Amino acid sequence: MNMLRAAATVSGLTLMSRITGLVREMITAALFGASAMTDAFFVAFRLPNLLRRLFAEGAFSQAFIPMLARHRPLGDGEAASQVNARRFIDAVASALFWSLALITALGVLSAPVLVWLMASGLADTPDALSAAVVMTRLMFPYILLISLAALAAGILNTWQRFAIPAFTPVLLNLSMIGAASLLSPHVDPPVLALAAGVMVGGMAQLGLQAWALYRLGLLPRIALNPFRSFAHPDARQVLARMAPAVLAVSVAQISLMINTHIASRLAPGSVSWINYGDRLMEFPTALLGVALGTVLLPSLARAGERGDHAGYSELLDWGLRLTVALALPAMVGLALMAEPLTALLYHYGRFEAHDVTMTARAVQAYALGLLGLIAIKVLAPGFYARHDVRTPVRIALLVLVATQLMNIAFVPWLDHAGLALSISVAAWINAGLLMRGLLKNGAWRPSNGWAAWGGKVLSASLAMAGLLAALAPRIDWLTLADSPLSRAGLALGLVAAAAAVYFGSLGLMGVRPRDFRRSTA
């Protein structure tokens, strides 16, 4: 498998997802603005999203994919391996389904308590608090749908079918866009339409991946007896390995919950400003971090199972070099283009100039940690593929404490942007400690030439920064609201010019795309 091509495929389809996601956020901002009601939706959506990251994409994938790599048929004995793989998949799918069905039922019943714990500041606006409870109940079943979709994605990625899992988030975005545009005039409050869009999108995501599994002959069969699904020894082992992984992922989600709670007690709209800024940050994070993590984890797991320590190290080194080459300029660009990009994407309808300024501050604070956030997506699989979850857990606990200590210092000074800055600094701490661990246990041995190569990337990034710093502040992006096409042309033109300067500088220094080519079995 050509690793660069696979990563490019995932990244390209993720780009489509992020573009539709940004369109979704643009429509949300234009129709609903940044208010207590939008805060209510983001709080309600964050609860199932939190559990999705906790049980599905996070802890579950980290425990499931390395074990599934053992069962994947390769070479001799393929028929027997296929049968074993099917039994393993059926058992894990059944255990996941029944566990999450119970969690979903409990979540729907306890929605008022969960919303209060998540954002008690909404109590100052009773209508918003009530709407958040209703939307939480509507969207909580999304955790069941998207977790089963994550199971399907794990299987497809292990079989090196990366395209469909990377594409399916587009369906969620399109569903929410359609619901916001068509349904919102007919419901009260209108923001309830977004919750309906989430559920339709969840069903569409699961349906498409179930079809892909059916074509591979790997569609799971859910056991009707909940207890039978836990009888498979490997399924029990996945659940056992999930326990520390849940702790590792939950630390980040606990930090997110605390930040949401703090934001709900700041100025109205703070939760929304943070969310809109985070959405813009997810664009490069997903394009680079998610794509690399998706491709690396199955490949690292297979290298670990073969005992290929040199290949394991080379994979990590390849991922980190690609991360630095793409994330460093993205970090610099976002910090310098925060206001132009925020205005381009959100400054329409009920999203006012003040909202642009507040969201841009969050984007700038988030941008400072972009390289660290993406590096974590490469470094963490280096531990999970070796079945080492304890080290990331210890690091995550330390980072949780550090994040909240930084909140105490930053929030009184920077308000909602202080929350984003704490996350950025914490990402650097997390990435640094993960890197130190991989170096210490010998999993990663840096290849020769890192210092010289890193100097070239830094020099090219500084050249790009000089261009943006000279040109971006010369334009009054807010007054261009009446000329959206001109604003779009100027902003995108600056982005294109910055990219040309960066990659042109790298080319002059001898760095070529072929330097990142890598193949693996």
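Quick notes on the rules
- The residue numbering used here restarts from 1 in each chain and proceeds along that chain's sequence as written.
- For this predicted model, a pLDDT threshold of at least 70 governs which residues receive local features, and a threshold of 80 or more governs which side-chain atom pairs are given and counted, while totals over whole chains, interfaces and linings are taken from all residues.
- Note that the side-chain values use all heavy atoms of the structure and ignore hydrogens as well as water.
- Numbering goes from the N terminus for both helices and strands, where a helix is a DSSP run of H or I of at least four residues and a strand is a run of E of at least two.
- Burial classes: relative accessible area under 20% of the type maximum marks a residue as buried, over 50% as exposed, and values in between as partly exposed (1.4 Å probe, protein chains only).
- Accessibility throughout is a Shrake-Rupley quantity obtained with a 1.4 Å probe, and a residue counts as covered only by protein chains that appear here.
- By definition, a salt bridge exists where a carboxyl oxygen of Asp or Glu is found within 4 Å of a side-chain nitrogen of Lys or Arg.
- In a helix, the anticipated span is given by 1.5 Å times the number of residues less one.
- Note on contacts: a residue pair is in contact if any heavy atoms of the two residues lie within 4.5 Å.
- Between the N-to-C directions of two axes lies an angle of 0 to 180 degrees, each axis being a line fitted to C-alpha atoms and, for a helix, fitted only over the stretch in contact.
- Should an angle fall under 35 degrees it is taken as roughly parallel, and over 145 as roughly antiparallel, whereas 65 to 115 is taken as roughly perpendicular and any remaining angle as oblique.
- Two helices crossing with the near one rotated counterclockwise from the far one by less than a right angle form a left-handed crossing, whereas a clockwise rotation gives a right-handed crossing.

1. Some thoughts on the overall build of the protein
The helix and strand inventory of the protein stands at 19 helices and zero strands. Considering the protein as a whole, with its 521 residues, one finds that 56% of them fall into the buried category. Here the protein displays about 21100 Å² of accessible surface, and carbon together with sulfur accounts for 66% of that area.

2. Some details on the pattern of salt bridges
Inspection of the entire model under this criterion finds three salt bridges. Its salt-bridge partner being Asp90, residue Arg221 comes within 2.9 Å of it at the nearest N-O pair. Pair noted here: Arg221 is in the loop between helix H9 (192–216) and helix H10 (233–264) and Asp90 is in helix H3 (residues 78–109), with a separation of 131 residues, a long-range link. Assessed through its relative accessible area of 12%, Asp90 is described here as buried.

3. Thoughts on H9
The first and last C-alpha atoms of H9 sit 37 Å apart over 25 residues, in line with the 36 Å expected at 1.5 Å per residue. After H9 finishes, the residue Gly217 shows a positive phi value of roughly 75°.

4. So, the environment of Gly432
Structurally, the position occupied by Gly432 is in helix H17 (residues 416–440). By relative accessible area, which is 38% here, Gly432 ends up partly exposed.

5. Describing the side chain of Thr359
As for its position among the elements, Thr359 is in helix H14 (residues 353–367). Look past the residues within four positions of Thr359 in its chain and what remains in contact with it is Trp273, Tyr276, Gly277, Thr342, Tyr346 and Phe351.

6. A look at the packing of H14 against H17
In the contact formed by H14 and H17, the axes pass within 7 Å of each other and the chain directions differ by 15°. Viewed along their axes, H14 and H17 adopt a mutual orientation that is roughly parallel. Crossing hand, H14 versus H17: right-handed. Contact residues: Met358, Arg361, Ala362, Ala365, Tyr366 and Ala367 in H14; His416, Ala417, Ala420, Leu421, Ile423 and Ser424 in H17.

Read these as spatial facts, not as claims about activity.
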